[in-house]
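# Structure at a glance
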Amino acid sequence: MTDLITSENYLCGAGLLDGKTAKELTGMLEPDDFSMEINRNIFEAFCKLDADGQEIDAAKVANLGIDREYLFELMQVTPVRTDIASHVAVVKKASMRRAVRGVLAQADADILAGDEPTEIIDRMLTGLQDAQKGKTAEVMTGEEAALEFWDTLDGGGFSVQTGMGYLDRVLGGGMLNSGLYVLAARPGCGKTALALQIADNVAKSGAVLFVSLEMDSVQLTARRVSRICRVPATKMLLGGATADEIAQAARAGRRLVNVPLYTNKTLRCAVGDIRAMSRQIDGLRLVVIDYLGLIKPNMRLKSRYEQVTEISGELKILARTLGVPVLCLAQLNRASEMRGDKKPILADLRDSGAIEQDADAVIFLHRPDMYDDEDKSDWVQVDVDIAKNRHAGTGNVKMMMHLSSGEFREVETRYG
């Protein structure tokens, strides 16, 4: 059995003797796969020269600060090219073992630091999966990509419809599987109400996880029931409903019993917790999170900007990992209220520009009536602005919201 150092020395020597071999190796390994520092430095030189578009040879590697005597010795002891693959396998196995040890050591440190068990487990699983896949870049052939495309198409397509016809049209047919969608507004514009209505629409054809970090399942159910029977949720929750209204609510509630819409029991959730809940649900079609600002952050990151940036990236990875859309609600800062028209823009997203960058689409809600002193009617206008859409055009959908029940109805659409 070939030992690790012999394999590392052979691969570095083979690369020094033959630039084509060195280029081949840069696509199979990374510098961190080497345990000896000097071998790691040699391989980093290979990667740098290749990235700069230069031919790789011993003289250029030496000019990057590597010990010339060591390079000469490697070239002297390296035999004529044999089976490179077997030496690569030895180096990668050893690298994987070190990675596993690192994951376990980090988990032990996290335990001693008092981190949440679910977060520790999630980080461990992610770390172990990364170690198992290896750190080298993976490619997909054209045939594999085509087969995946047709398999997805045969399996029901690439998107999930919101059930709001105009909105789906502007989005390009619905929310793309593996896409991150951000629904943002100032408080009181109806974010939760619209998200719940979309969730119930999607749940007619598959399971939905609605993660509410602001309300418990009783409050959410009251709002869903209210939309069906028009009995205000506050009456059901705080008292004051008549016997007839209670009977209406009971009938509406029975319609929800078999709807596969799941909610969280724990109010404090990190992205890892949401991932763990999602994996428990068969036939999952959509994840809704209400809202981004309440997702439990990594407290090791000191600034709120860093925390939100990390959460945003994790949500994007969550959507890709689960293969379903993730619809995440978000608050806007007060900047929109300082403008004359009060309409939100992308710069109003709170705490991090990464939200706009990571999102496949950003949807804003705007209620013009919130800024006038006129008496409110039962129905108020809500402008739904698709301000960013990576997969189709932008546009505006005018909706009406029933204030006491939270029901949304579309009125018209305009494409940008």
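Keep in mind it's a predicted model, so treat the numbers as computed, not measured.

## Looking at the overall build of the chain
For the chain, the helix and strand inventory stands at 17 helices and 11 strands. Residue burial in the chain is summarised as follows: out of 416 residues, 44% are buried. Surface accessibility of the chain: about 21,300 Å² in total, with carbon and sulfur atoms responsible for 53%.

## Overview of the environment of K296
You can see K296 is positioned in the loop between strand 6 (284-290) and helix 15 (304-322). According to the relative accessible area criterion, K296 is buried, its value standing at 17%. For the pair K296 and V308, spaced 12 residues apart in sequence, the C-alpha to C-alpha distance is 9.9 Å. Excluding anything up to four places from it in sequence, K296 contacts E116, E119, R268, C269, A270 and I311.

## Comments concerning the nonpolar core
Among the nonpolar cores identified, the biggest contains 39 residues, and I198, V288, L327 and V384 are the most heavily contacted of them. Per element, the largest residue contribution to this core is seven residues, and it comes from helix 10 (residues 191-202). Beyond its immediate stretch of four places on either side in the chain, I198 contacts T162, M164, L167, M175, L286 and L327. Formed by 32 residues, the second largest nonpolar core is a distinct cluster that contains L209, L284, L349 and V362.

## With respect to the layout of surface pockets
Quantified by volume, the second largest pocket comes out at close to 510 Å³. Lining of the second largest pocket is provided by 28 residues; of these, G190, T192, A193, M215 and R223 occupy positions nearest its centre. Contributing elements (two or more residues each) for the lining of the second largest pocket: helix 10, helix 11 (217-229), helix 12 (233-238) and strand 10 (395-402). Partitioning the lining of the second largest pocket into residue classes produces 11 nonpolar, 11 polar and six charged.

## Side note on the packing of aromatic side chains
Applying the stated criterion across every chain yields a total of two aromatic pairs. With a centroid separation of 4.9 Å and an interplanar angle of 35°, the aromatic rings of F34 and F43 are classed as tilted. F43 matches F34 in its accessibility class, with the two residues each being buried.

## Observations concerning the packing of helix 2 (residues 19-26) against helix 3 (residues 37-51)
At a minimum axis distance of 10 Å, the contact between helix 2 and helix 3 shows a crossing angle of 95°. Taken as axis vectors, helix 2 and helix 3 run roughly perpendicular relative to one another. Seen from helix 2, the contacting residues are A22, K23, L25 and T26; seen from helix 3, they are F43, F46, C47 and D50. The residue inventory of the contact of helix 2 with helix 3, partitioned by class, reads five nonpolar, one polar and two charged.

## Examining the pairing of strand 8 (residues 361-366)
Extensive coverage of strand 8 is indicated by the burial of six of its six residues. In strand 8, alternate side chains face the same way, and those of A361, I363 and L365 on one face and V362, F364 and H366 on the other are all buried. Bridge count between strand 3 (residues 180-185) and strand 8: four bridges; the pairing is parallel. Within strand 8, the residue paired with V182 across the bridge is V362. In terms of strand pairing, strand 8 meets strand 9 (residues 379-389) through six bridges, oriented antiparallel. When the bridges of strand 9 are listed, L365 appears paired with V384.

## Quick word on a nonpolar patch on the surface
A surface patch of nonpolar side chains, about 310 Å² in accessible area, is lined by V218, L237 and L238. Summarising the element assignment, L238 is placed in helix 12. By relative accessible area, which is 71% here, L238 ends up exposed.

About the criteria used
- Every chain is numbered on its own, with residues counted from 1 as its sequence reads.
- Two thresholds apply to this predicted model, a pLDDT of at least 70 for residue-level local features and 80 or more for giving and counting side-chain atom pairs, whereas whole-chain, interface and lining totals are computed over all residues.
- Hydrogens are left out, water is left out, and the side-chain values use all remaining heavy atoms of the structure.
- Numbering of helices and strands runs from the N terminus, with a helix taken as a DSSP run of H or I at least four residues long and a strand as a DSSP run of E at least two residues long.
- We call a residue buried when its accessible area falls under 20% of the maximum for its residue type, exposed when it is over 50%, and partly exposed in between, using a 1.4 Å probe and counting protein chains only.
- Surface accessibility follows the Shrake-Rupley procedure with a 1.4 Å probe radius. Residue values consider only the protein chains on display as shielding.
- When checking whether two residues touch, look at their non-hydrogen atoms; a contact exists if any pair is within 4.5 Å.
- In these notes, a set of buried Ala, Val, Leu, Ile, Met, Phe, Trp, Tyr and Cys residues joined through side-chain atoms within 4.5 Å is what counts as a nonpolar core.
- Cavities and pockets are defined on a 1 Å grid built over the protein atoms alone: a cavity is a set of grid points where a 1.4 Å probe fits but cannot escape, while a pocket is an open set with protein on both sides within 12 Å along at least five of seven lines, and lining residues are those with an atom within 4 Å of any such point.
- Grid points are joined across faces, edges and corners, and a volume is the space filled by probe spheres set on the points.
- Side-chain classes are defined by residue name, with Ala, Val, Leu, Ile, Met, Phe, Trp, Tyr, Cys and Pro counting as nonpolar, Asp, Glu, Lys and Arg as charged, and the others, Gly among them, as polar.
- Between the rings of Phe, Tyr and Trp (Trp by its six-membered ring), a pair exists once the centres lie within 6.5 Å; its type follows the angle of the planes, with under 30 degrees stacked, over 60 edge-to-face, and the other angles tilted.
- Only the stretch in contact is used when a helix axis is fitted, and all axes are lines through C-alpha atoms; the angle between N-to-C directions ranges over 0 to 180 degrees.
- With respect to orientation, any angle under 35 degrees is reported as roughly parallel, any angle over 145 as roughly antiparallel, any angle of 65 to 115 as roughly perpendicular, and every other angle as oblique.
- Think of it this way: DSSP has to see at least two bridges between two strands before they count as a pair.
- Like charges within 9 Å and nonpolar side chains (Val, Leu, Ile, Met, Phe, Trp, Tyr) within 5 Å are joined into patches, using only residues over 30% in relative accessible area that form no salt bridge.
- Throughout this description, the term salt bridge denotes a Lys or Arg side-chain nitrogen within 4 Å of a carboxyl oxygen of Asp or Glu.

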